[in-house]
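Geometric and topological summary
Given next are the chains, with one letter for each unit.
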Amino acid sequence: MALARWSERWFPDPLVFALLGIAVVFLFGIALRESPAKLAIQGGKNFWSLVPFTMQMVMIIIGGYVVASAPLVYRGIRALSSWPKTPRAAIAMVALLSMLTSLLSWGLSLIFSGMLVRELGHRVKGMDYRAAGAAGYLGLGAVWALGLSSSAAMLMGTKAAIPAPLFAISGLIPLRQTIFLWQSLVMAAVLILVSTAVAYWSAPTPENARTARSYGLAYEPIQSTVGPRSKPGEWLEYSPLLTILVGALLAWYLFDVFRTSPQGALAALDLNTYNLIFLTAGLFLHWRPRQFARSVGEAVPATAGVLIQFPFYAVIFGMIVGTGISEFLAKLFVRISTPATYSLLVAGYSAILGIFIPSGGSKWVIEAPYIMQAANAQHVHLGWVVQIYNAAEALPNLVNPFWMLPLLGMLRLKARDIVGYGVLQMIIHIPIVFFLCWLFARYIPYLPPMK
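Scope of this entry: the structure provided in the associated data block. (Residues numbered from 1 in each chain as written. Predicted model: local features only at pLDDT ≥ 70, side-chain atom pairs only at ≥ 80, totals over all residues. Heavy atoms only, no water.)

1. Brief notes about the environment of tyrosine 74
Note the following rule: For the purposes of this entry, the term helix denotes a DSSP run of H or I that reaches at least four residues, the term strand denotes a run of E that reaches at least two, and both are numbered from the N terminus.
Locating tyrosine 74 in the fold gives a position in helix H5 (residues 71-81). Put simply, tyrosine 74 and leucine 116 are 42 residues apart on the chain and 9.0 Å apart in space, counted from C-alpha to C-alpha.

Shown next as structure tokens:
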């Protein structure tokens, strides 16, 4: 409760957080005697550099929404919301399902969890809306990068996607050496159990709860059906003919992608393939073009924060990689690393940098060359290095408001409403993540790069 009160009073708006990050990196560059003009030019030059990645993130949100809002899935969400009978049980269920769905897709996790919280807010009396929202965000703050939507693991498992300089250092790292390591599965299981328990025990009692009604939010169920056709020209909009045809063509293509992938089916699971899978599933689940289009329209407002803030994070990216900041960090990293401290150093560095660059994929491209080079020098398992990065990279998500934006948009909350609960989770997660990263790094044997 104290952390929640603190965050509600002091935590800034996500846009302020992004702008503050630019200022911090700029001042850090000045301290390293970088030219202010060079910092400004490199930052501005990269303002639009993440536009393709931004659109991929937007499509993940839209794809997750069109699947989660489909009549069949939405009926399942409503059925789930009738299970818990107490506020704490409801919040624990949100936490558990948020993390389990994030192992499949973080986009689906955000939207699914948001819908579940809205339904529970209507059904479970005395449920704290803030704690439930924070529980719905745990998928992004705990285990998403240990699952199938891990940008770093997917990139390192796809030879065509690995930049040539990085491939020369690391080689190809198949998914069986990253997210399917038994050590990685154990870490995910531990984090899920601990996070669910923390969400359960930290939930306010009904007497102290701030419910959805206390925020002035009225229950608005998702309309799963469209109105009757009123014009002859609307016939195709209400007919499943085109969705069946187009969906079948896309499904055929996806089947071929997985069938012909040179490195196996799992190697074909990149962001574009993921997005197409969810959009294709959305076409079939909504059945009619009118219903599918309406679902997309409802999803668009949740993407507003991503659209406006990603360019500002690209400025931070530009100032780091376009000046001597990146080289300074690389040399420092190699100089102070040892076999005993390497895993802790990677975890700490990745978590800190994640505060300023909250994109797991983009940040991995920045870090990977010198992280993997040092791993080869210290003979640390390269696949486990990827998982150290993944586990630690998620930690700042618990307090960084950037990826909260789609969920906050659905719940009509502000980041300051849920960050207090994220701080509590982070305090408990940090020692667990760091210990497991260090422990398993000592016993997984080193494998030379697979060229």
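2. A look at the nonpolar core
Short version of the rule: As used here, the term nonpolar core means buried Ala, Val, Leu, Ile, Met, Phe, Trp, Tyr and Cys residues forming a set that is joined through side-chain atoms within 4.5 Å. Buried residues are those whose accessible area, probed at 1.4 Å on protein chains only, stays under 20% of the maximum for their type, while exposed residues exceed 50% and partly exposed ones sit between those limits. Should any heavy atoms of two residues lie within 4.5 Å, those residues are considered in contact.
In this structure, Met57, Trp106, Leu116, Trp364 and Met372 are the most contacted members of the largest nonpolar core, which totals 136 residues. Contact partners of leucine 116, with chain neighbours within four places excluded, come to Ile77, Leu80, Ser81, Met93, Val94 and Leu97.

3. What about the packing of aromatic side chains?
Note the cut-off: When the centres of two rings from Phe, Tyr and Trp lie within 6.5 Å, Trp using its six-membered ring, the rings pair. Their planes under 30 degrees apart give stacked, over 60 give edge-to-face, and anything left gives tilted. Cation placement over rings: the criterion is NZ of Lys or CZ of Arg within 6 Å of the ring centroid and within 35° of the ring normal.
This model, assessed by the stated rule, comprises nine aromatic pairs. Plain terms: the ring middles of tryptophan 364 and tyrosine 389 are 4.8 Å apart, the flat faces sit at 55° to each other, and that makes the pair tilted. Of the two residues, tryptophan 364 is situated in helix H20 (residues 360-378) and tyrosine 389 in helix H21 (residues 382-393); the sequence distance between them amounts to 25 residues. Side by side, tryptophan 364 and tyrosine 389 carry an identical accessibility label, which is buried. Three or more aromatic residues joined by ring pairs make a cluster, and in this case those are Phe47, Trp48 and Phe312. The ring of tyrosine 200 carries the charged tip of arginine 88 above its face, separated from the ring centre by 5.7 Å. When the ring centre of tyrosine 215 is taken as reference, the NZ or CZ atom of arginine 210 above it lies at 4.3 Å.

4. Overview of the packing of helix H6 (residues 87-102) against helix H7 (residues 106-123)
The cut-off we apply is this: Throughout, an axis means a line fitted to C-alpha atoms (over the contacting stretch in the case of helices), and angles, computed between N-to-C directions, take values from 0 to 180 degrees. Convention used here: angles under 35 degrees read as roughly parallel, angles over 145 as roughly antiparallel, angles from 65 to 115 as roughly perpendicular, and any remaining angle as oblique. Rotating anticlockwise by less than a right angle from the far helix to the near helix defines a left-handed crossing, while the corresponding clockwise rotation defines a right-handed one. Note that Gly is not counted as nonpolar here; it falls among the polar residues with everything else outside the nonpolar set of Ala, Val, Leu, Ile, Met, Phe, Trp, Tyr, Cys and Pro and the charged set of Asp, Glu, Lys and Arg.
Two numbers describe how H6 lies on H7: the axes approach to 8 Å, and their chain directions differ by 160°. The orientation of H6 with respect to H7, classified from their angle, is roughly antiparallel. Crossing of H6 against H7: the hand is right-handed. Across the interface between the two elements, Ala90, Met93, Val94, Leu97, Ser98, Thr101 and Ser102 of H6 pack against Trp106, Ser109, Phe112, Ser113, Leu116, Val117 and Leu120 of H7. The class makeup of the residues in the contact of H6 with H7 is nine nonpolar, five polar and no charged.

5. Considering the environment of isoleucine 388
With respect to the helices and strands, isoleucine 388 occurs in helix H21. Between the alpha carbons of isoleucine 388 and leucine 110 there is a distance of 23 Å; along the sequence they are 278 residues apart.

6. Observations concerning the pattern of salt bridges
Threshold: Each reported salt bridge corresponds to a side-chain nitrogen of Lys or Arg within 4 Å of a carboxyl oxygen of Asp or Glu.
The final tally for this structure, using the stated rule, is six salt bridges. The partner of glutamate 237 in a salt bridge is arginine 290, with the nearest N and O atoms 2.5 Å apart. Of this pair, glutamate 237 sits in helix H13 (residues 235-238) while arginine 290 sits in helix H16 (residues 289-299), placing them 53 residues apart in sequence. Arginine 290 gets classed as partly exposed once you look at its relative accessible area, which sits at 27%. Each of the salt bridges in this network shares a partner with another, and the network as a whole consists of Arg78, Glu119 and Arg123.

7. Quick notes on H6
Residues spaced three or four apart along an α-helix point in a common direction, a consequence of the helix completing one turn every 3.6 residues. Our working definition: The span expected for a helix works out to 1.5 Å for each residue beyond the first.
With 16 residues, H6 should reach 22 Å at 1.5 Å per residue; the first-to-last C-alpha distance of 23 Å fits that figure. Counting buried residues in H6 gives twelve out of 16 residues, a clear majority hidden from the surface. Contacts made by the buried residues of H6 are with H5, H7, helix H8 (129-136), helix H9 (138-143) and helix H12 (182-202).

8. A look at the layout of surface pockets
Operational definition: Definitions used throughout: a 1 Å grid over protein atoms alone; a cavity as a set of points that fits a 1.4 Å probe which cannot get out; a pocket as an open set with protein on both sides within 12 Å along at least five of seven lines; a lining residue as one with an atom within 4 Å of a point. Grid points are joined across faces, edges and corners, and a volume is the space filled by probe spheres set on the points.
Estimated volume of the second largest pocket: approximately 410 Å³. Around the second largest pocket sit 18 residues that line it, and Gly121, His122, Ala212, Arg213 and Leu217 are the ones nearest its centre. Among the elements of the structure, H7 and helix H22 (405-411) are those that each provide at least two residues to the lining of the second largest pocket. Ranked by the residues each element gives to the lining of the second largest pocket, the list is headed by H7, at three residues.

9. Section: H21
With twelve residues, H21 extends 16 Å from end C-alpha to end C-alpha; this agrees with the ideal 16 Å at 1.5 Å per step. Counting buried residues in H21 gives twelve out of twelve residues, a clear majority hidden from the surface.

10. Examining a nonpolar patch on the surface
Here is the rule we go by: Here a patch means residues that are over 30% exposed by relative accessible area and free of salt bridges, tied together within 9 Å if like-charged and within 5 Å if nonpolar (Val, Leu, Ile, Met, Phe, Trp, Tyr). Only the protein chains shown count as covering a residue, and every accessible area follows the Shrake-Rupley method with a 1.4 Å probe.
There is a patch of nonpolar side chains on the surface, built from Trp235, Leu236, Leu241, Leu242, Leu245, Val246, Leu249 and Trp252 and spanning about 820 Å² of accessible area. At the level of elements, H13 and helix H14 (241-260) are the ones that each hand at least two residues to the nonpolar patch. A total of six residues in the nonpolar patch trace back to one element, the largest contributor, which is H14. Here leucine 236 shows up in helix H13.

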